[in-house]
Amino acid sequence: AMDKQLNEYYAAARYDEATTIAEQMLQIAEQSFQGRPQIIATVANRLAILYAAQGRYAKAEPLYQRALRIREQVLGLDHADVAETLNNLGELYRIQDRYAEAEPLYKRALRIREKVFGPEHADVAATVNNLALLNAAQGRYAEAEAFYQRALRIFERVSGPDDPNVATTVNNLALLYRDQGRYAE
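Criteria and thresholds
- Residues numbered from 1 in each chain as written.
- Predicted model: local features only at pLDDT ≥ 70, side-chain atom pairs only at ≥ 80, totals over all residues.
- Heavy atoms only, no water.
- Helix = DSSP H or I, 4+ residues; strand = E, 2+ residues; numbered from the N terminus.
- Rg over C-alpha atoms; globule rule 2.2 N^0.38 Å.
- Buried < 20%, exposed > 50% of the residue type's maximum accessible area, 1.4 Å probe, protein only.
- Contact = heavy atoms within 4.5 Å.
- Expected span 1.5 Å × (residues − 1).
- Salt bridge = Lys/Arg side-chain N within 4 Å of Asp/Glu carboxyl O.
- Core = buried A, V, L, I, M, F, W, Y, C linked by side-chain atoms within 4.5 Å.
- Axes fitted to C-alpha atoms, helices over the stretch in contact; angles between N-to-C directions.
- Parallel < 35°, antiparallel > 145°, perpendicular 65-115°, else oblique.
- Left-handed = near helix turned anticlockwise from the far one by under 90°.
- Nonpolar A, V, L, I, M, F, W, Y, C, P; charged D, E, K, R; others polar.
- Lys, Arg positive; Asp, Glu negative; His and termini not counted.

**A short note on the overall build of the protein**
Phase 1 of the analysis: Assigned secondary structure in the protein consists of nine helices and zero strands.
Phase 2 of the analysis: Along the protein, helices (α) and strands (β) appear in the sequence α-α-α-α-α-α-α-α-α when read from the amino end.
Phase 3 of the analysis: What you see for the protein is a C-alpha radius of gyration of 17 Å, in line with the 16 Å of a compact globule of 185 residues.
Phase 4 of the analysis: Overall size of the protein, expressed as C-alpha extent along the three principal axes, is 55 × 35 × 30 Å.
Phase 5 of the analysis: Taking all 185 residues of the protein together, the buried fraction comes to 40%.
Phase 6 of the analysis: Long-range pairs, those at least 24 residues apart, make up 53% of the contacts in the protein with a sequence separation of at least 6.

Below, the structure is given as structure tokens:
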């Protein structure tokens, strides 16, 4: 019931209420699921997402790091859930302009996702898009453009041309062109 309510609040962008529930869920998980650390990692990762969405980065970071440690220990270094947390932590660092810390996390997440899902998967495209954002923020426009184009190709193949991820990636690519003065494109 808490999970359902959390999802409803998150979908409605009611982050304060969702965070309260996620904090309670983490307390329950820590008390009741010591023998199942993957549950703790999942709840910690979700709470970190909520904190990050609210700009509470100092609270999000240790939760992502905790979730990552648990997932690596329990699931192994090349599990899809490890890649999810790596991508999330990379995104947290990118948002804070901590580019040198974000890049290796994104690259490792991408390697794992390509290995687990293959090169044509929406999760691969999401990480590729994040690498594009990272490169664009650093003025590495050629690399950013290549990443955006790859993400766009994957999203279009996987989800079709009318998918919101396609629209977001096209918009990101347009912003990149604008920032370079390539207005016609």
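**Quick notes on helix α6 (residues 99-117)**
Phase 1 of the analysis: With 19 residues, α6 extends 26 Å from end C-alpha to end C-alpha; this agrees with the ideal 27 Å at 1.5 Å per step.
Phase 2 of the analysis: Listed in full, the buried residues belonging to α6 are Tyr99, Ala102, Glu103, Leu105, Tyr106, Ala109, Leu110, Ile112 and Arg113.
Phase 3 of the analysis: On its buried side, α6 packs onto α5 (80-95), α7 (122-137) and α8 (141-159).

**Details of the pattern of salt bridges**
Phase 1 of the analysis: Under the counting rule described, the total for this entry stands at 16 salt bridges.
Phase 2 of the analysis: Here Arg98 and Glu101 are joined by a salt bridge, their closest N and O atoms 2.8 Å apart.
Phase 3 of the analysis: Owing to a relative accessible area of 37%, Glu101 belongs among the partly exposed residues under this scheme.
Phase 4 of the analysis: One salt-bridge network, in which partners are shared between bridges, spans Glu61, Arg98 and Glu101.

**Some remarks on the nonpolar core**
Within soluble globular proteins, side chains that are nonpolar tend to cluster in buried spots.
Phase 1 of the analysis: Counting residues in each nonpolar core, the largest one holds 46 residues, and the members touching the most others are Leu6, Leu26, Ala60, Leu63, Tyr64 and Leu86.
Phase 2 of the analysis: Sorting the residues of this core by element identifies α1 (2-11), α2 (15-32), α3 (37-53), α4 (57-75), α5, α6, α7 and α8 as the ones contributing at least two each.
Phase 3 of the analysis: Sequence-distant contacts of Tyr64, that is, excluding residues within four places in its chain, are made with Asn45, Ala48, Ile49, Ala52, Thr85, Asn88, Leu89 and Leu92.
Phase 4 of the analysis: Counting six residues, the second largest nonpolar core, distinct from the first, contains Ala144, Tyr148, Leu173 and Tyr177.

**Examining the packing of α7 against α8**
Phase 1 of the analysis: Across the interface, α7 lies against α8 with an axial gap of 8 Å and an inter-helix angle of 160°. Overall, the two elements α7 and α8 adopt an arrangement that is roughly antiparallel. For the pair α7 and α8, the sense of crossing is left-handed. The segment α7 lies against α8, with Ala122, Val124, Ala125, Ala126, Val128, Asn129, Leu131, Ala132, Leu133, Asn135 and Ala136 engaging Tyr141, Glu143, Ala144, Phe147, Tyr148, Arg150, Ala151, Ile154, Phe155 and Val158.
Phase 2 of the analysis: Looking at the contact of α7 with α8, its residues break down into 17 nonpolar, two polar and two charged.

**Quick look at the side chain of Asp163**
Phase 1 of the analysis: Along the chain, the position of Asp163 falls in the loop between α8 and α9 (164-179).
Phase 2 of the analysis: Despite its burial, Asp163 pairs with no opposite charge; the closest candidate is Arg113, at 14 Å N-O.

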